[in-house]
Amino acid sequence: MLLGNLHFMACSPKKGTDNENSIASARLVENFGKEWQFQRVENTLNDNWETAHIPHTTKIEPLVVNDQWQGKAVYKKTIDIDSLNGKKWFLHFEGVMQEAKVFINNSLVKTHKGGYLPFTVDATDHLKENSSNIIKVEVLNIDDTTIPPGKILKDLDFNLYGGIYRNIHLIRTNKIYITDAVHADEVNSGGVLVHFDSITTQKASGIIKTHIINESETASDLQLGITFSDKNGKESKFTSSEKSVEAGGAISISEEINIEDPLLWSPKNPNLYEVQIDVFADGNLVDSKSIKTGIREIELQGNVFLLNGENLFINGTNRHQEYPYVGYALSDEAQYRDAYKIKEAGFNFVRLSHYPHATAFVEACDELGLLVMNAIPGWQYYEEGEFVENAIQDIKDMARRDRNHPSIVFWENSLNESAMTEEFMIRANSILKAELPYENIFTAGWIDHTSYDLFIPARQHAKPPEYWNDYNKPNRPILIAEYGDWEYYAQNAGFNQKAFSDLKESERSSRQLRGAGEKGLLQQALNYQEAFNSNLRGEQTIGHANWLMFDYNRGYSDDLEASGISDIFRIPKFAYYFYKSQKAPYTHDFSDPMVFIASYWTENSTKNIKVFSNTEEVALYLNDELIERKAPERNEISDELLFPPFVFKLNEFTPGELKAIGYIDGNEVASHSVETPGKASKIELSVDFSGKELAANTPDLVFIYAKILDENGNLVPTADNPVKFTLEGSNAELIGPENITEAGITTVLLRTESFSDALKISASSEGLEDDQLIIE
């Protein structure tokens, strides 16, 4: 008997056949992450095994990671199998950091190097019937210059958190089956590939290509049944001609597809299609697979980026996939919540820094409408030999894993800020183009080499004051891949990001923790505004991405990199609201009119009150008395913005309430208030779901916030009271120290292994009224 809850990925058989009974046996996929045994190997294995649920990190780290654990860890799991039933059995690993050795019943079956891309193990010949079977994974996470990004941890600008940190699936198929795309032997093969090469609002035409292996003992005639379904239930069905495949052979079947009146994908309307592929062998359903994709046309024409024929300026951010304490071990739902926050902040684009992020995150970008720049692992390191070959393999694996995602518009097959040779750049681009041999597949590189379709420099790679605004190579668009941090932080330090101790000017830096106070948060917002405005002057600039969305840890530094517009707990800073104000109102679900007062309004606050808003006019009131109603302020650092900030100058500080009201066409459409905080009085608990409720059957992570308020319910930003949390409920735990209160908010992580019964969280602090939160 197979342990775990199996679910089916099958569909209806071809119309006119009588193969209903074969559906259930076509393809079974089980989340294989529950109840592993785990231990870190300090010297040798011992009997002290812990229970681990995947995704899993090898060690819970402190908030500021300055001695990240590295070494060997072992995971093992036993499954009882009565019969293999003549099926194929696979283990699919989405991500293991960073070298994995997979053993089945003590036999080494697979060694995989690389922590950011998936691999699949064919377990069929190694499993025993009527027996217990032991799956063991040895995970090695040490400095290894042959595995991209290559740089050793103490010199690296991010961390490499060990463990089986992404999902594992157990897959069972018949012996005639659709293959896994990653690590296919042939170029441009493996799995399912969907590509549209002619797209209008009337019709989308392209191909669907499916790679199938016959491991049965007889030849078979294969036929595909294909169904595209849109969100309204409209179906487009296709049937391939029959193709013969010999026993032990493989075949790729391509079928032309035409979708009438397609629903096109875009950031405003992220329409997706569910694609169902049924494989019939001699008339019998033998495999079935479902994927999601979207239909959209992208072009680089001269100096513009076109999406579905319309000019679109790309306004984006960068993201590292790190969470506090648990490192990379995020749930699929947590990945979605990060994408949701990026969209909510007003962005239409995210660059995956500096490696491929989880499939769940890219799927969230598909669903929410975020353009994506995918990237191979790399940062300031290059070495000929095995490192280069592994980087080339990363390009192949990245392309095969992600080629059907409509959100991915650029492929950064470039080792970020690394001294790549011309030979490598030419080879990297030829490999990507061979994997995706279609028009409008755009590669991107940080070096301005003609093999790349798009030049993606960081703003700091050029000199002030123009930076890249005077770039003028004909028909050569650029996208500013990073801006707003390093050029303010280190001035002219170049690439040596370790040599920062004497360069930091805190009053000019964008690296501001949320606890830095008003002055620091306003400076960060001003830096981003100035750089954003400057970038808009570049005639060949098709877009830009700030550095970055969330604070994160680095291997080479003993403090948090704090240039995020939200902190590592995903709590917004003032700069977040600047970006939110740059999204035109009423353009999609995430673009309501907004107004935000960038002040705590205390006696230490500046009397020049800055208000971010995407409205036409803002009126500011102090204690219900109108200060001024005005249009936004335009000057040399806001003249290119769609929605410049509003600045109100007050003569003196008077405690009380500041209230801003935004107007469009003379009508009140948004408001925001801040009130001078009083003495800390009570705690208010909240949970951050950001578009996704807790997962019912798989591990999940959410942030629990304890805000310290005064008696009127105002946040007290100077409060640093330690908060104690307690949890009542099953299959859950709280992660994080209880004494880190920053700018009036204490945060812990709630991790659930599954969720069915209510959870009760309580928070208390001496001298404050406590609070309780029930999640049900």
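Residues numbered from 1 in each chain as written. Predicted model: local features only at pLDDT ≥ 70, side-chain atom pairs only at ≥ 80, totals over all residues. Heavy atoms only, no water.

A few points about the side chain of Asn-133
Part 1 of the reasoning: Looking at the secondary structure, you find Asn-133 in strand E11 (residues 131–141).
Part 2 of the reasoning: By relative accessible area, Asn-133 is classed as buried at 0%.
Part 3 of the reasoning: At a separation of 3.2 Å, a polar atom in the side chain of Asn-133 contacts the main-chain carbonyl oxygen of Ser-131. (Helix = DSSP H or I, 4+ residues; strand = E, 2+ residues; numbered from the N terminus. Buried < 20%, exposed > 50% of the residue type's maximum accessible area, 1.4 Å probe, protein only. Polar contact = N/O pair within 3.5 Å; in protein donor to acceptor, adjacent residues only side chain to side chain.)

Structural notes on the packing of aromatic side chains
Part 1 of the reasoning: Following the criterion strictly, the structure yields 41 aromatic pairs and no others.
Part 2 of the reasoning: Chaining the aromatic ring pairs together yields one cluster made of Phe-347, Tyr-483, Tyr-528, Phe-532, Phe-578, Tyr-579 and Phe-612.
Part 3 of the reasoning: For the cation-ring pair, Arg-570 lies above Phe-550, with the distance from its terminal atom to the ring centre recorded as 4.0 Å.
Part 4 of the reasoning: Residue placement shows Lys-692 over the ring face of Tyr-336; its charged tip is 4.7 Å from the ring centre. (Phe/Tyr/Trp six-rings, centres within 6.5 Å; stacked < 30°, edge-to-face > 60°. Lys NZ or Arg CZ within 6 Å of the ring centre and 35° of its normal.)

Description of the packing of helix H3 (residues 386–402) against helix H4 (residues 422–435)
Part 1 of the reasoning: Between H3 and H4, the shortest axis-to-axis distance is 9 Å and the interhelical angle comes to 25 degrees. Here H4 runs roughly parallel to H3, going by the angle between their axes. The hand of the H3/H4 crossing is right-handed. Every residue of H4 that contacts H3 at Val-388, Glu-389, Ala-391, Ile-392, Ile-395, Lys-396, Ala-399 and Arg-400 is listed here: Phe-424, Arg-427, Ala-428, Ile-431, Leu-432 and Glu-435.
Part 2 of the reasoning: The residue makeup of the contact of H3 with H4, split by class, is nine nonpolar, no polar and five charged. (Axes fitted to C-alpha atoms, helices over the stretch in contact; angles between N-to-C directions. Parallel < 35°, antiparallel > 145°, perpendicular 65-115°, else oblique. Left-handed = near helix turned anticlockwise from the far one by under 90°. Contact = heavy atoms within 4.5 Å. Nonpolar A, V, L, I, M, F, W, Y, C, P; charged D, E, K, R; others polar.)

Remarks on the packing of helix H1 (residues 332–344) against helix H2 (residues 359–368)
Part 1 of the reasoning: Packing of H1 against H2 leaves a shortest axis separation of 8 Å and a crossing angle of 45 degrees. Between H1 and H2, the interaxial angle falls into the category oblique. Crossing geometry of H1 relative to H2 is assigned as right-handed. Listed contacts from H2 to Asp-332, Gln-335, Tyr-336, Asp-338, Ala-339, Tyr-340, Ile-342 and Lys-343 of H1 are Ala-360, Phe-361, Ala-364, Cys-365, Glu-367 and Leu-368.
Part 2 of the reasoning: Of the residues belonging to the contact of H1 with H2, the class tally is nine nonpolar, one polar and four charged.

Overview of the side chain of Glu-561
Part 1 of the reasoning: Here Glu-561 shows up in the loop between strand E33 (541–546) and helix H7 (574–580).
Part 2 of the reasoning: Given the relative accessible area of 0%, Glu-561 is considered buried.
Part 3 of the reasoning: Within polar-contact distance, the side chain of Glu-561 engages the side chain of Trp-547 at 3.2 Å.
Part 4 of the reasoning: For Glu-561, the residues in contact, after removing those within four places along its chain, are Asp-485, Arg-511, Trp-547, Leu-548, Asp-551, Tyr-552 and Arg-554.

Let's talk about the pairing of strand E28 (residues 371–375)
Part 1 of the reasoning: Along E28, five of the five residues are buried, which leaves the element largely enclosed by surrounding structure.
Part 2 of the reasoning: Looking at chain direction, strand E27 (residues 349–352) and E28 are connected through three bridges and run parallel. The partner of Phe-349 across the bridge, within E28, is Leu-371.
Part 3 of the reasoning: Sheet topology note: the E28/strand E29 (residues 408–412) ladder contains four bridges and is parallel. Its bridge partner being in E29, Asn-374 is matched across the sheet by Trp-411. (Pairing = 2+ DSSP bridges.)

Comments concerning H4
Part 1 of the reasoning: Compared with an ideal rise of 1.5 Å per residue, which puts 14 residues at 20 Å, H4 spans 20 Å between its outermost C-alpha atoms and is within 8% of the ideal.
Part 2 of the reasoning: Taken together, the buried positions of H4 are Phe-424, Met-425, Ala-428, Asn-429, Ile-431, Leu-432 and Glu-435. Along the long axis of H4, the arc covered by the buried residues comes to 160 degrees, so they all point the same way.
Part 3 of the reasoning: Among the structural elements, H3, E29 and strand E30 (442–445) are those in contact with the buried residues of H4. (Expected span 1.5 Å × (residues − 1). Arc of directions from axis to C-beta.)

A few points about the sheet that holds strand E9 (residues 107–113)
Part 1 of the reasoning: Strand order in this open sheet of six strands is E4-E3-E5-E11-E8-E9, and the pairing throughout is antiparallel. Whereas interior strands pair on both sides, the edge strands pair on one side only; in this sheet they are strand E4 (50–52) and E9. Averaged over all adjacent pairs, the angle separating strand axes in this sheet is 25 degrees, with direction ignored.
Part 2 of the reasoning: Bridge count between strand E3 (residues 36–41) and strand E5 (residues 71–81): five bridges; the pairing is antiparallel. Looking at E5, one finds that Val-41 is bridged to Lys-72.

Examining the pairing of strand E15 (residues 192–199)
Part 1 of the reasoning: Of all eight residues making up E15, six are buried, and the element is well covered by its neighbours.
Part 2 of the reasoning: In terms of strand pairing, E15 meets strand E16 (residues 203–214) through seven bridges, oriented antiparallel. The residue of E16 that forms the bridge with Leu-193 is Lys-209.
Part 3 of the reasoning: Linking two consecutive strands that pair antiparallel, namely E15 and E16, is a turn of three residues.

So, the environment of Gln-772
Part 1 of the reasoning: By the element assignment, Gln-772 lies in strand E48 (residues 771–775).
Part 2 of the reasoning: Separated by 493 residues in sequence, Gln-772 and Val-279 have C-alpha atoms that sit 53 Å apart.
Part 3 of the reasoning: When near neighbours in sequence (up to four residues on either side) are disregarded, Gln-772 contacts Leu-685, Lys-760, Ile-761 and Ser-762.

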